[in-house]
Amino acid sequence: MRFAIATLGCKVNQYDSAMIESRLAARGLIRCEFDQPADVYIVNTCTVTDRADSESLRLARRARRLNPKARVVMTGCFAQANPAALSRAHEVDAVVGLARPDDLERAVIGDAPERVMVSNLRKVRGEIELKGVAMEGQTRAFLKLQEGCDQFCSFCIVPVSRGASRSVEPRRVIDALDQLHERGFKEVILSGVHLGGYGRDLDPPVELAHLLEMVAERSPIGRIRISSLDPEELSDGIIAIITSSEKFCPHLHLPLQAGEDRVLGAMRRRYDTAFYRDRVERVLEAMPDAAIGTDLIVGFPGESAEEFAASIKFVESLPLAYLHVFPYAVRAGTTAAKIPGKVSPAEIKRRAAAMRRVGERKRTLFMERFIGQTLKVLLEEQRQDGGIGGYSRNYVRVLTRSPSDLSNQEVEVEASFVEGAQMVGQIVSVQGRDAARAEAN
Ligand code: SF4
């Protein structure tokens, strides 16, 4: 049986798709591309905006056209949040919500007891399958230790689509890190839908700081990254653990969302700009070369031209390494969708472009600081022309060359110059050996 899977949305969805794929492969199913004839098409949907919903349905129609006899199975956030909308579509054979991997497998092989299988994840505690997965072409593994969210930021549908916050017990996290080490992974990204909410649902509750302390002590993996933490959840304790352990990469992603206090309030974020600045400064005091990145939404309903100008000024004043800029897009069912004062699409586009320009300047400035210095880079797949890329511990994208295959090796690269979004440099040492000797071997 051949299956194809299309994934919409964020890294968490990509992670879930990789999990689905590995389960189906273990059952002997063969994966093919989504534009090829398959027996089953799976659409791992996203519902972050109304547009994402339409795209999920478009993919279902496309699958049906590719093979009218195929089974079309919808899963992911849209399936979870609005199964009725998907089950109305005649192209769709089955709708399976999140946290039901066995039912998804049954739907794929045509053995599902029902056409729509969705639990209320705000009431039922869905299991989180724990398994490290690597994204295509990457040597880093993602480990999802937390699902769902209880925060209800006004623009976000995640607490509905992914349900209540739930976490994996520390002991299982440590076992998973051991297994990833045995499989040869040298870098792991601890991820979650709202990682800052980690452990509050466990009995007894566990603080994220406690988990990170255990990871620092017991993880055999030498490069650990934390995917994202909301600013108010980055405690001094967490900063101290990350700073004092060599295993944690000096890289944090702290979503700011808006650089203006009234807008932050309307977004129902739980900090103000002064607090955010304090967190960034605290991290950089302890780790001056750390990369701090952020997410920003521009054109939030009611965001005036003056507020946007203040936001951009605030972001410009922060020593950030990169920005991910999201033009606001309406999501029905969120509080923000009902806020008056919608910003016009053209103006949202203009604001996104302006904020992205700030982001590009910041990224270049951050990278230029390391020219002439040595960066520890975990190399990814070797290209046929001898080029090979990877990320430094502080999240600089580095491109270098190697005559021998050094995939999945941590090497030291002397940074020479910045080219677009990446640093170009020369390998000077391969895990303790010098580069000349490595070449001779
Ligand atoms: S904390 Fe993150 S996941 Fe939770 S509601 Fe806010 S934006 Fe969404």
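What counts and how
- Residues numbered from 1 in each chain as written.
- Predicted model: local features only at pLDDT ≥ 70, side-chain atom pairs only at ≥ 80, totals over all residues.
- Helix = DSSP H or I, 4+ residues; strand = E, 2+ residues; numbered from the N terminus.
- Buried ≥ 20, exposed ≤ 12 C-beta atoms within 10 Å, placed from the backbone.
- Domains from an automatic or database assignment.
- Core = buried A, V, L, I, M, F, W, Y, C linked by C-beta atoms within 7 Å.
- Contact = placed C-beta atoms within 7 Å.
- Expected span 1.5 Å × (residues − 1).
- Arc of directions from axis to C-beta.
- Axes fitted to C-alpha atoms, helices over the stretch in contact; angles between N-to-C directions.
- Parallel < 35°, antiparallel > 145°, perpendicular 65-115°, else oblique.
- Left-handed = near helix turned anticlockwise from the far one by under 90°.
- Nonpolar A, V, L, I, M, F, W, Y, C, P; charged D, E, K, R; others polar.
- Near = placed C-beta within 6 Å.
- Pairing = 2+ DSSP bridges.

Scanning the chain for helices and strands turns up 14 helices and 20 strands. Counting only C-alpha atoms, the chain reaches 60 × 60 × 45 Å along its principal axes. Each of the 441 residues in the chain was classed as buried or not, and the buried ones make up 45%.

The next subject is the domain arrangement of the chain. Each assigned domain of the chain is listed with its residue range as follows: domain 1 (2–117), domain 2 (122–249), domain 3 (250–368) and domain 4 (374–440). Placing the centre of domain 1 and that of domain 4 at their C-alpha centroids yields a distance of 38 Å.

This next bit is on the nonpolar core. Counting 120 residues, the largest nonpolar core has Tyr41, Ile42, Val73, Val188, Ile292 and Phe300 as the members making the most contacts within it. Beyond its immediate chain neighbours, meaning those up to four positions away, isoleucine 292 contacts Leu252, Leu254, Val280, Val283, Leu320 and Ala321.

Right, let's talk about helix 12 (residues 305–317) for a bit. Helix length check: helix 12, at 13 residues, gives a terminal C-alpha distance of 18 Å against a target of 18 Å (1.5 Å per residue), a fit within 8%. The complete set of buried residues in helix 12 reads Phe308, Ser311 and Val315. Burial along helix 12 is one-sided: seen end-on, the buried residues are contained in an arc of 55°. Exposed side of helix 12, more than 90 degrees from the buried face: Glu306, Lys313 and Ser317 are the residues found there. The elements touched by buried residues of helix 12 are helix 10 (261–266), strand 13 (291–298), strand 14 (322–327) and helix 13 (345–368).

Running from N to C, helix 12 and helix 13 cross one another at 15°; their axes reach a closest spacing of 10 Å. Judged by the inter-axis angle, helix 12 sits roughly parallel to helix 13. Of the two possible hands of crossing, helix 12 and helix 13 adopt the one that is right-handed. Only Arg351, Ala354, Met355 and Val358 of helix 13 make contact with helix 12, whose side of the interface consists of Phe308, Ile312, Val315 and Glu316. Each residue belonging to the contact of helix 12 with helix 13 can be placed in one class, and the counts come to six nonpolar, no polar and two charged.

Let us now look at the site of the ligand. Neighbouring the ligand are the residues Cys149, Gln151, Phe152, Cys153, Cys156, Val158, Pro159, Val193, His194 and Asp230. Per-class residue counts for the shell around the ligand are seven nonpolar, two polar and one charged.

A sheet is described by the order of its strands in space; here three strands give the open sequence 12-13-14, paired in parallel fashion. Because the sheet does not close on itself, it has two edges, and the strands there are strand 12 (251–253) and strand 14. Along the sheet, successive strands turn relative to each other by an average axial angle of 15°, direction set aside. In this structure, strand 12 lies alongside strand 13, joined through three bridges in parallel fashion. In the sheet register, histidine 251 faces strand 13, and the bridge partner there is alanine 291. Seen against the sheet, helix 13 touches strand 13 and strand 14 and runs at an angle of roughly 170° to strand 14.

Further remarks concern helix 2 (residues 50–66). Taking 1.5 Å of rise per residue, 17 residues should cover 24 Å, and helix 2 covers 25 Å from first to last C-alpha, within 8% of that figure. Listed in full, the buried residues belonging to helix 2 are Asp53, Ser56, Leu59, Ala60 and Ala63. Viewed along the axis of helix 2, the buried residues span an arc of 120°, placing them on a single side of the element. In this structure, helix 2 carries Arg51, Ser54, Arg58 and Arg65 as exposed residues pointing more than 90 degrees from its buried face. As for helix 2, its buried residues are in contact with strand 1 (2–7), strand 3 (40–45), strand 4 (71–76) and helix 3 (77–81).

Residue position: glutamate 414 is located in strand 18 (residues 410–419). Accessibility expressed as a C-beta count within 10 Å gives 17 for glutamate 414, which makes it partly exposed. Separated by 14 residues in the primary sequence, glutamate 414 and threonine 400 have C-alpha atoms spaced 9.5 Å apart. Each residue touching glutamate 414, except ones within four places of it in the same chain, is listed here: Thr374, Gly425, Gln426 and Val428.

Okay, the pairing of strand 17 (residues 397–401) next. By the alternation rule, side chains of strand 17 split into Val398 and Thr400, which are all buried, and Arg397, Leu399 and Arg401, of which none is buried. Sheet topology note: the strand 16 (residues 387–392)/strand 17 ladder contains five bridges and is antiparallel. Residue tyrosine 391 lies in a different strand from strand 17, and its bridge partner there is arginine 397. Linking two consecutive strands that pair antiparallel, namely strand 16 and strand 17, is a turn of four residues; a positive phi of about 65° is found at tyrosine 395 within it. Taken together, the two bridges between strand 17 and strand 19 (residues 422–430) define a ladder with parallel strand orientation. By the bridge assignment, leucine 399 is partnered in strand 19 with valine 424.

This paragraph deals with unusual backbone geometry. For the bond from aspartate 203 to proline 204, the omega torsion is -5°, close enough to zero to count as cis. Inspection of the secondary structure puts proline 204 in the loop between strand 10 (187–192) and helix 8 (208–218). If you check the backbone angles, glutamine 257 has positive phi at about 75° while not being a glycine. Inspection of the secondary structure puts glutamine 257 in the loop between strand 12 and helix 10.

In this fold, methionine 423 is placed in strand 19. Those residues in contact with methionine 423 that sit more than four places away from it in its chain are Met367, Phe370, Val396, Arg397, Val398, Ala415 and Val418.

Attention shifts here to the sheet that holds strand 6 (residues 116–117). Taken together, the six strands give an open sheet; going across it, the order is 2-1-3-4-5-6, and neighbouring strands pair in parallel fashion. Single-partner strands in this sheet number two, and they are strand 2 (30–32) and strand 6. Here helix 1 (residues 11–26) sits on the sheet and contacts strand 1, strand 2, strand 3 and strand 4; the angle it forms with strand 1, its principal contact strand, is near 170°.

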